[in-house]
Amino acid sequence: MADKYERMLELLLHADDWVTATELAERLGVTTRSVRSYVAAAKTAAHPLVIVTASTAGYRLNREAYAEFLAAGRGRGSAAETPQARVHHLVRRLTDADEGLDAYELAESLYVSDSTLEADLRKVRALAEESGASLTRRGSTIALAGSEAASRRLLSRLLQSESAQGVLELDAIESEFGVGGLGAFKTELIQALDADGFFINEYGIDAVILHVAIAVERARRERHLPPTATAPTAANRAAPINATLHRLIPDHFDVAVTEADVEYLARLLTTRVIAPGAGSEGAPHVDEADLGTVRRIVDLVAEEYLVDFRDDAFIARLALHLGNLVTRAREDARSRNPLARSIKSSYPLIFDIAVFIASIVQRERGITVDDDEISYIALHLGSHLERVARREERVTGTIICPSYYDLHAILRSRIERELGADLSIEFVVTRTDVDPRELTSDLVISTIPSPALREGVVVVQPFLTDDDIDAIRQAIWRVRRQRRRQRITDELLEYFDAELFFAEPPGDDPESIIRGLGASLVAAGIVDDRYVEGALERERMSSTAFSETLAMPHAMGLSAARTAIALALCPTPVAWGDARVSVVALIAFSPEGRARFQPLFDQFVDVFASRREVGELVRAGGDFASFIGELAQLIERR
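Residues numbered from 1 in each chain as written. Predicted model: local features only at pLDDT ≥ 70, side-chain atom pairs only at ≥ 80, totals over all residues. Heavy atoms only, no water.

### Digging into the overall build of the chain
- The number of helices and strands found in the chain is 25 helices and 15 strands.
- Burial analysis of the chain (638 residues in total) assigns 50% to the buried set.
- Restricting the contact set of the chain to residue pairs at least 6 apart, pairs at least 24 apart contribute 71%.
- Put simply, the chain shows about 29,600 Å² of open surface, and 50% of that area lies on carbon and sulfur atoms. (Helix = DSSP H or I, 4+ residues; strand = E, 2+ residues; numbered from the N terminus. Buried < 20%, exposed > 50% of the residue type's maximum accessible area, 1.4 Å probe, protein only. Contact = heavy atoms within 4.5 Å. Areas by Shrake-Rupley, 256 points an atom, 1.4 Å probe, with all protein chains shown as cover.)

### With respect to empty space enclosed by the protein
- A full pass over the atoms with the stated rule returns one cavity of 30 Å³ or more.
- Reported here for the largest cavity is a volume of approximately 70 Å³.
- V294, I297, L318, H321, L322, L325, I357, V361 and I377 are the residues that line the largest cavity.
- For the lining of the largest cavity, the elements supplying multiple residues, two or more each, are α14 (288-305), α15 (312-330) and α17 (348-365).
- Top contributing element to the lining of the largest cavity by residue count: α15, with four residues.
- Of the residues belonging to the lining of the largest cavity, the class tally is eight nonpolar, one polar and no charged. (1 Å grid on protein atoms, 1.4 Å probe; cavity = no way out; pocket = protein on both sides within 12 Å on 5 of 7 lines; lining within 4 Å. Points joined across faces, edges and corners; volume = space filled by probe spheres on them. Nonpolar A, V, L, I, M, F, W, Y, C, P; charged D, E, K, R; others polar.)

### A closer look at the packing of aromatic side chains
- Counted under the stated rule, the structure contains six aromatic pairs.
- Residues F185 and F253 carry aromatic rings whose centres are separated by 5.2 Å and whose planes lie at 50 degrees to one another, so their mutual orientation is tilted. Taken together, the positions of F185 in helix α10 (residues 182-195) and F253 in helix α12 (residues 232-253) put the pair 68 residues apart, joining distant regions of the chain.
- Judged by centre distance (5.9 Å) and plane angle (65 degrees), the rings of F501 and F624 are edge-to-face. Placement of the pair is F501 in strand β12 (residues 501-502) and F624 in helix α25 (residues 624-637), with a sequence separation of 123 residues. (Phe/Tyr/Trp six-rings, centres within 6.5 Å; stacked < 30°, edge-to-face > 60°.)

### What to know about the packing of helix α21 (residues 510-523) against helix α22 (residues 529-541)
- Axis separation between α21 and α22 bottoms out at 9 Å; the angle between their running directions is 155 degrees. With respect to their mutual orientation, α21 and α22 come out roughly antiparallel. Regarding α21 and α22, the two cross each other, and that crossing is right-handed. Judged by residue contacts, E511, I514, R515, G518 and V522 of α21 engage D529, V532, E533, A535, L536, E539 and R540 from α22.
- In the contact of α21 with α22, the residues fall into five nonpolar, one polar and six charged. (Axes fitted to C-alpha atoms, helices over the stretch in contact; angles between N-to-C directions. Parallel < 35°, antiparallel > 145°, perpendicular 65-115°, else oblique. Left-handed = near helix turned anticlockwise from the far one by under 90°.)

### A closer look at the sheet that holds strand β5 (residues 141-145)
- The strand order β3-β5-β4 describes an open sheet built from three strands, whose pairing is antiparallel. With one partner strand each, in any of the chains shown, β3 (101-102) and β4 (134-138) form the two edges of the open sheet.
- Relative to β5, β4 runs antiparallel, the two being bridged by five bridges. From the neighbouring strand, R138 faces β5, where its bridge partner is T141.
- On top of the sheet, helix α5 (residues 83-96) reaches β3, β4 and β5; it is set at about 75 degrees to β5, its chief contact. (Pairing = 2+ DSSP bridges.)

### Re the pattern of salt bridges
- A complete count under the given rule lists 30 salt bridges for this structure.
- Here R414 ties to E418 by a salt bridge, and the two come within 3.3 Å at their closest N and O atoms. Taken together, the residues R414 and E418, both in helix α19 (residues 407-419) and four residues apart, mark about one turn of the helix.
- As a salt-bridge pair, R437 and D435 come within 3.1 Å of each other at their nearest N and O atoms.
- Taking the relative accessible area as the measure of exposure, R437 reaches 56% and is therefore exposed.
- The structure contains a network of salt bridges with shared partners spanning R92, D96, E148, R152, E176, E217, R218, R221 and D261. (Salt bridge = Lys/Arg side-chain N within 4 Å of Asp/Glu carboxyl O.)

### Brief notes about the nonpolar core
- Core analysis: the biggest nonpolar cluster contains 65 residues, and L117, F177, F185, L189, L245, I249 and F253 have the highest contact counts within it.
- Considering each element in turn, this core owes the most residues, 11 residues, to helix α11 (residues 202-220).
- Those residues within four positions of F185 in sequence are excluded, and the remaining contacts are I209, V212, L245, L248, I249, H252 and F253.
- Ranked by size, the runner-up nonpolar core spans 64 residues in total, among them I374, M552, I587 and V614. (Core = buried A, V, L, I, M, F, W, Y, C linked by side-chain atoms within 4.5 Å.)

### So, α22
- The end-to-end C-alpha distance of α22, which contains 13 residues, comes to 19 Å, matching closely the 18 Å that a straight helix rising 1.5 Å per residue would cover.
- The set of residues buried in α22 consists of Y531, V532, G534, A535, L536, R538, E539 and M541.
- Among the structural elements, α17, α21, β14 (564-576) and β15 (579-588) are those in contact with the buried residues of α22.
- Sitting at the amino-terminal end of α22 is D528, which places a side-chain oxygen 3.2 Å from the backbone nitrogen of R530. (Expected span 1.5 Å × (residues − 1). Polar contact = N/O pair within 3.5 Å; in protein donor to acceptor, adjacent residues only side chain to side chain.)

### A short note on unusual backbone geometry
- Not every positive phi belongs to a glycine, and Y111 is a case in point at roughly 60 degrees.
- Structurally, the position occupied by Y111 is in the loop between α6 (103-110) and α7 (114-130).
- Here the phi dihedral of E222 falls at roughly 60 degrees; this positive angle occurs in a residue that is not glycine.
- With respect to the helices and strands, the residue E222 is situated in the loop between α11 and α12.

### Section: α6
- Residues of α6 that are buried include every one of A103, L106, A107 and L110, and no others. Considered in projection along α6, the buried side chains sweep an arc of 95 degrees and stay on one side of the axis. With respect to the buried face of α6, the exposed residues turned more than 90 degrees away are Y104, E105 and E108.
- Those residues of α6 that are buried are in contact with α5, β3, α7, β4 and β5. (Arc of directions from axis to C-beta.)

### Here we look at the packing of helix α9 (residues 170-177) against α10
- For the pair α9 and α10, the least separation of the axes is 9 Å and the interaxial angle reads 120 degrees. When the interaxial angle is binned, α9 and α10 end up oblique. Between α9 and α10, the residues in contact are L170, I173 and E174 and L182, G183 and K186, respectively.
- Class assignment of the residues belonging to the contact of α9 with α10 gives a composition of three nonpolar, one polar and two charged.

### Observations concerning the pairing of β14
- Burial of β14 is extensive: 10 of the 13 residues sit out of reach of the surface.
- Relative to β14, β12 is paired through two bridges, and the arrangement is parallel. Among the inter-strand pairings, F501 is bridged to a residue of β14, identified as L567.
- Once β14 ends, the chain turns through two residues before running back antiparallel as β15, passing G577 with a positive phi of about 65 degrees.

Structure follows, in C-alpha cells:
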C-alpha cells in the first residue's frame, strides 16, 4: 500500500482542482475502495494535520500539511515505517559501516520480519549496482562493497530519487547530512563562477550542492576520494573552479578537503552546471569529434523535420553539451532535470527532435540517454528557436483616435513602444464616424467610448494607462489563441478518418495497440510495415505518453504517403509507461505534411491535458461522428 499511497499524494500535489476517487483509481490502477483506504490512511498518518481534504467534488491536498509531513519524514531514525524510509535508513547505515551490519540485528531494529528486510535489501542492491557498488554477504553480515566515489553516487541517487519532480531542497540536504549554510555557499559559488565568466545552469547546480554536502560529511569522517591523474589541458581549464572550491569549502564548512575531492566536485560543475561564457579565459574548448557529430545531426534534423538549426553558435553550444552528456553517461552520473515532464508535455515536437538526436548519440557513442538528458537537449533546441524567430506572427491593429493636435501620433508612438514586438499598427483613423465592422485589422484600439460592434475592439484612454496596455496585451493574446485554435481544428479534421477510428483499443498493451493502429494505416496504404516497426522502436526510446491521458506513438521519420492519425479511445485507461492513458493516437506524417507537424503536435497535447475533459470525450465519442463533434467543441472552449 505504501507505494500507492505515496503515489496518490504526488498525484494530488500536481492537481490544480479537486480529483475524484474514480480519476485517482484509474491513474493508480486500483479500485475506488482502495483510494478511500489511502485517504483514510492520510487522515490517520502520524501527523497533527489532515493531509487530504475530502468533499463531494473529490479529494484535494492540504499543501501546508503535506509540506510539514514531508519535513517530518526527513528526520529518519530507526523507526522507519515505509519501504522507502527503510531503504533510506539501510543505505545510510551501510555507507557508514566498513565492517558491515548484522541482518538479524537490522530486522530487529527496524521492527520488521526477516522476509521484509530481504525485500528491502533487494531494493538497496539495485540502487547500489546502479551506482557502481554492490552488496556482499558473509553469513548474516551484510556490507557495501565499492569505491568511495560509488558510495557518494549511491547517497546522491538516494536523495534525488526521493525528491519531488527532481527538485532538491537545500534544507532537506542540510538536515540529511548535518551540513548547514548550503544556501550561503551556493550564492557565493554562483557569484564566483559568474565573475569568472561562466554561464550557470541553475537546474543542475543543486545536484552538485548535494555532492558538496556529501563530500563535507564524508571528509568529516576522514573518508576521501583517492588521487586521480588529470590531463594537463583539463587541469588548466578547471584551475579557476578548483581554486574557488578550495577557498569556499573550508570557509563555509570548516573542513579540510583533499585535491581529489575538489577535482571531483569541479568535474561535476564542469559537466553539469557551467559552460564558458564571453568573459571566461579563452574560448570554450569543444572537441572536434563532437562538433562533427552535431553538424551531421543538424543536417539530419533539417532533412527529417524541416527545422533548421544550422547556426555556428548553436552548434558549438550543443557540441559542448554533447561532450558533457557523454561524460556523465560513462561515469553513470545522471543529471536530473526538474522540467523534464513539463517540457515533454508542453513542447512535444521539440522533445521529439531531442529524442531523435539522443537516439543518434546513444547509438554512436554506446551510451544510454534518459528522459532527463533528452529534456536538456530539448532546452537547447527550444532556446535557439526562441532566439531566431517568433513562432507566431504579429497581430495587426487599427487605432481610432479623433484628431486633436498630435494626440493620435502620441498614442500610436506609446502603443508601438510598449507592444511593438507583438502588434503591428496598420492604420490610424482620426474620424469619429468610422464603423469598426468595416476595419479588417485583428484589433481595433479606440479612444471613443462606444459599444463594441465586433470582436477585438479595445477601448482605451487618449493618454494610455498601464491598465490600457494590459487590456491590449490580453486582446493580442486572445487573437493569437483564436488563430491557433482555428488552424489546428481545421488540420485535425483533415487528418482523421472513420476507417482509422477505434472506439475500443485494438490491444491491451502499448505494443499490441501500436500494431493494431498501424495495421489500419497499412491497410489504408498510408504507411508500410517498416513505419510501424519504427514507431515501436521510438516507443522503446522514451514513452510517448505526452500527458497523463494521451499517448502519441509515431516513427521518427516522415515516410507516410499522406498525413493521417489512427486513433483509439480507451474507456478503461491503459498502462503506458508511467501514465495510464485514455486516448492513443498513432500519427503518420508525410514530408509534404511537415509544415503542419508542430502546431498539430503541440495543440493535440494541450487539448488532452485535462483528464476530466478527456473523460467526457471518451464517453461521448462512441462513434466517429460523435467523436469529431465532441473534439471540435472541446478545442473551441479551451
